[in-house]
Amino acid sequence: MKKKNKTKREIVRSGNRLLKGKDRLFLRIIAFFILSILAVAAVIAVRSLIPQEGEAPEMFVSSLGGEFEAEEKYEYYSEDALRSAVSAGIGVKAALDLRPEEISVDEYGAGDFAKVEGVRISGDLVQVTATAPGLPMSDDKYYYLFSHEIYEDSLPENAEPLDKCYKDSEVTMTADLRRGTPETRLFSGFCLAVKQNGLYRVVSKSSYVENPEALASYSYSGIRHSSKKGLLIDPLKTATNEWDDLGVDYATYNFPLAHILGATSNGAYPTISYTYHGKTWYFNGAHIHEYDYLFSTMTRKGIDITGIILNNAPTGAYPELTHPQARSGSTAPYYMFNGSDKAGVEAIGAVATFLAGRYSGGQHGLVHNWIIGNEVNARKEWNYMNSSTSLSDYSKAYAQAYRVFYNAIKSVNAGAGVYICLDQQWDRNRKNNPDYDARDLLDTFAGQIRAGGDIDWGLAYHPYSQPLTKTAFWQPNKLVTNSADTSYITMKNLSVLTGYMHRPELLDKDGNVRSIILSEQGFSSSQGQELQAAAFAYAYKIAEANPDIDYFIYARETDHASEIAEGLALGINAPGGGHKMIYNVYKHIDKKDSAQYTDFALGIIGISAWP
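Procedures and definitions
Residues numbered from 1 in each chain as written. Predicted model: local features only at pLDDT ≥ 70, side-chain atom pairs only at ≥ 80, totals over all residues. Heavy atoms only, no water. Helix = DSSP H or I, 4+ residues; strand = E, 2+ residues; numbered from the N terminus. Buried < 20%, exposed > 50% of the residue type's maximum accessible area, 1.4 Å probe, protein only. Contact = heavy atoms within 4.5 Å. Areas by Shrake-Rupley, 256 points an atom, 1.4 Å probe, with all protein chains shown as cover. Axes fitted to C-alpha atoms, helices over the stretch in contact; angles between N-to-C directions. Parallel < 35°, antiparallel > 145°, perpendicular 65-115°, else oblique. Left-handed = near helix turned anticlockwise from the far one by under 90°. Nonpolar A, V, L, I, M, F, W, Y, C, P; charged D, E, K, R; others polar. Expected span 1.5 Å × (residues − 1). Polar contact = N/O pair within 3.5 Å; in protein donor to acceptor, adjacent residues only side chain to side chain. Pairing = 2+ DSSP bridges. Phe/Tyr/Trp six-rings, centres within 6.5 Å; stacked < 30°, edge-to-face > 60°. Lys NZ or Arg CZ within 6 Å of the ring centre and 35° of its normal. 1 Å grid on protein atoms, 1.4 Å probe; cavity = no way out; pocket = protein on both sides within 12 Å on 5 of 7 lines; lining within 4 Å. Points joined across faces, edges and corners; volume = space filled by probe spheres on them. Salt bridge = Lys/Arg side-chain N within 4 Å of Asp/Glu carboxyl O.

(A) Quick peek at the overall build of the protein. The secondary structure content of the protein amounts to 15 helices and 24 strands. When each of the 611 residues of the protein is scored for burial, the buried share is 51%. For the protein, the proportion of contacts with a sequence separation of at least 24, taken over those separated by at least 6, is 69%. A total of about 27,800 Å² of accessible surface is found on the protein, and carbon and sulfur atoms cover 50% of it.

The structure is reproduced here in structure tokens:
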């Protein structure tokens, strides 16, 4: 370490207390004095105080004058006690000699001296633990704890510390959570600082709350099915028994914000007022009632529900919900959520806690999982943000909004799953691509979340065929390979995705593969109903055989007119309601008689057995 021009003050540890250089000198003097006294005491005890066999106690003269009888004032010290005392004195000196010297934080990158190991809610407090390689040079003997908003890249001016503790290699500090207030720290970042030249200097990266579920009133974690079979349901089938007949176990349904926000004049289902952090938000009572009816019905039927939250909130009425770089020039039906300022964080928090609360208690149906946005790597088509946005900045904007959603949802329902959604464009590396490759966004998002305190995010993937209209996905395609660098991941090479998710940097905190759901994929009957049915059978069998896939959502229950116009007649029902061939394949594919309804497809596909 280079010497400084000014005298360096050494700081050492004594238990949990730090001592300055002058304190260290004082302790050395004390230690030397103790050792000297103990040595003299040992000699006196051995030669004078310990009576020899057969000798009677003698009279001793007090140093203050006067006489006293030895048997009245005499204390006997064993040799073992004396040895222990001498050894303790030597230990004090050795400990002093081993105390670490201070380390200059300039030898480390900005904010890299200390590491925040955990930010956890405990009661009404946030507990922050951190480690460091040594003791940083500073004006005093303390670490200081600071917090900042999720959208702030640095501490605000005049920030005041929330707590302080003696510097050590491992430290713990706490702060008030401020639960349920506009100043809540549920979404805040926490970092460590030291005082240098009278100013606070940050010496760690920021980290965020990693256990928001500690606040939850509910713990609904879904229904455990033996099957992986799911469906993008048709709400017009709610009053029928079709879901029972099909044996649907999982379902997805959209929550476009423009549909649920705002007042209604419907007297039967009036506007719902919801107060969040002192501000009242209004939800369309009539539309919310439709969700209540739909979800209650599915819950009674034992269907596990995943809600997809989509931002098409009108920017004129709700500008705070949309990222500033997505409020104009949109070419997509949905926009990037806004976690970039206080108003946006509050708006996301209000929407997330309202929805999670309404569909966790059971009165209105139960939603287990939540997907934040649709195919968010498709910036131009599905999650609009300004085209000049870099991958890093785009991912940061999404990660900020995602973390607010995650913490808000999990603070209501501890058992909820929260997912990022990506499409099949895996690693195209195409020049002037208006979208981002799923792999690139996945890696960047995961790294940004991990750097700020890992949470239990999941992946909702859409392994559609390439091109979308290609029903026979198993046929050779130079853009669909078994390499991690493949341009597309479809049902043909799904194992590339799950294999990639085994990478150490993508595992969860416990070293497990994260939850992966196939939340949307379908096959058109435009090339024939038999081919569509064969494609579904093969795709489901692939997902069923893959232990890393939690469930498989087929899109969709009924053909959609706009998709038919593009050559995508994906439904298991025709527009008029008639069943296609795929209907019975879907119905029986997870039953004991599956072979009777699926083995016809083996010859079409060109395989002799299912995966």
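(B) Up close: the packing of helix H11 (residues 529–545) against helix H13 (residues 581–588). Between H11 and H13, the shortest axis-to-axis distance is 8 Å and the interhelical angle comes to 20 degrees. When the axis of H11 is compared with that of H13, the two are roughly parallel. Crossing geometry of H11 relative to H13 is assigned as right-handed. Together, Gln529, Glu530, Gln532, Ala533, Phe536 and Ala537 of H11 and Met581, Ile582, Val585 and Tyr586 of H13 make up the contact between the two elements. Residue composition of the contact of H11 with H13, grouped by class: seven nonpolar, two polar and one charged.

(C) Molecular detail of helix H6 (residues 285–300). With 16 residues, H6 ought to run about 22 Å at 1.5 Å a step, and its terminal C-alpha atoms sit 22 Å apart, in line with that. Those residues of H6 that fall on the buried side of the exposure criterion are Gly285, Ala286, Ile288, Tyr291, Asp292, Leu294, Phe295, Ser296, Thr297 and Met298. The N-cap residue of H6 is Asn284: its side-chain oxygen and the backbone nitrogen of Ala286 are 3.1 Å apart. After H6 finishes, the residue Gly302 shows a positive phi value of roughly 80 degrees.

(D) Quick look at the sheet that holds strand E11 (residues 170–176). Taken in spatial order, the three strands make up an open sheet running E6-E7-E11, and their pairing is antiparallel. Lying at the two open borders of the sheet, with one neighbouring strand each, are strand E6 (115–122) and E11. On average, adjacent strands in this sheet sit at an angle of 20 degrees to one another, irrespective of strand direction. The pairing of strand E7 (residues 125–131) with E11 spans seven bridges and is classified as antiparallel. Bridged to Thr129 within E11 is Thr172.

(E) Region of interest: the sheet that holds strand E16 (residues 250–256). Taken in spatial order, the eight strands of this closed barrel run E15-E16-E19-E20-E21-E22-E23-E24, and their pairing is parallel. Taken pair by pair, the neighbouring strands of this sheet meet at an average axis angle of 30 degrees, ignoring direction. In this structure, strand E22 (residues 457–461) lies alongside strand E23 (residues 516–521), joined through three bridges in parallel fashion. Considered in E23, the bridge of Ala460 is made with Ile517. Sitting on the sheet, helix H8 (residues 391–410) is in contact with strand E19 (304–310), strand E20 (367–372), strand E21 (417–422) and E22, with an inclination near 155 degrees to E21. Helix-sheet contacts for helix H9 (residues 438–451) involve E21 and E22, and the interaxial angle to E22 is about 170 degrees.

(F) Local environment of the packing of aromatic side chains. According to the stated counting rule, one finds 38 aromatic pairs in the structure shown. Measuring from ring centre to ring centre gives 5.5 Å for Phe473 and Tyr538, while their planes differ by 25 degrees; the resulting arrangement is stacked. Of this pair, Phe473 sits in the loop between E22 and helix H10 (494–500) while Tyr538 sits in helix H11, and the two are 65 residues apart along the sequence. Here Tyr538 falls in the buried class, since its relative accessible area comes to 15%. Counting every residue linked through ring pairs, the aromatic cluster contains Phe473, Trp474, Phe523, Phe536, Tyr538, Tyr540, Phe552, Tyr554, Tyr586 and Trp610. Sitting above the plane of the Tyr142 ring, Lys164 keeps its charged end 4.2 Å from the centroid.

(G) Looking closely at the layout of surface pockets. Its volume calculated, the second largest pocket comes out at about 600 Å³. Every residue lining the second largest pocket is counted, 22 residues in all, and those nearest its centre are His148, Glu152, Asp153, Ser206 and Tyr208. Going through the elements one at a time, H8 and H9 are the ones with two or more residues in the lining of the second largest pocket. For the lining of the second largest pocket, the element with the most residues is H8, which contributes four residues. Grouping the amino acids of the lining of the second largest pocket by side-chain chemistry returns nine nonpolar, eight polar and five charged.

(H) Up close: the pattern of salt bridges. Evaluation of the coordinates by the stated rule reveals 17 salt bridges. With a shortest N-O distance of 3.0 Å, Arg556 and Glu563 are connected by a salt bridge. By the burial criterion, Arg556 is buried, and Glu563 matches it. Residues Lys580 and Asp559 are paired through a salt bridge, measuring 2.9 Å at the closest nitrogen-oxygen approach. One end of the pair, Lys580, is in the loop between helix H12 (561–564) and H13; the other, Asp559, is in the loop between strand E24 (549–554) and H12, and 21 residues separate them in sequence. In terms of burial, Lys580 and Asp559 fall into one category: buried. It is possible to trace a salt-bridge network through shared partners that takes in Lys229, Asp590 and Lys591.

(I) Local environment of the packing of H8 against H9. One way to put it is that H8 packs onto H9 with a least axis distance of 9 Å and a crossing angle of 55 degrees. With respect to their mutual orientation, H8 and H9 come out oblique. You can see that H8 and H9 cross each other, and the crossing is right-handed. Together, Leu391, Ser392, Tyr394, Ser395, Lys396, Tyr398, Ala399, Tyr402 and Arg403 of H8 and Asp440, Leu441, Thr444, Phe445, Gln448 and Ile449 of H9 make up the contact between the two elements. In terms of residue class, the contact of H8 with H9 is built from eight nonpolar, four polar and three charged.

(J) Representation of the environment of Tyr394 in the model. Tracing the backbone shows Tyr394 in helix H8. A relative accessible area of 0% places Tyr394 in the buried class. Linking Tyr394 and Tyr436, residues 42 residues apart in sequence, is a C-alpha distance of 9.4 Å. Leave out the neighbours within four places in its chain, and Tyr394 touches Met336, Val376, Arg379, Asn383, Met385, Thr389, Tyr436 and Leu441. A polar contact of 3.0 Å, which involves the side chain of Tyr394, links it to the side chain of Asn383.

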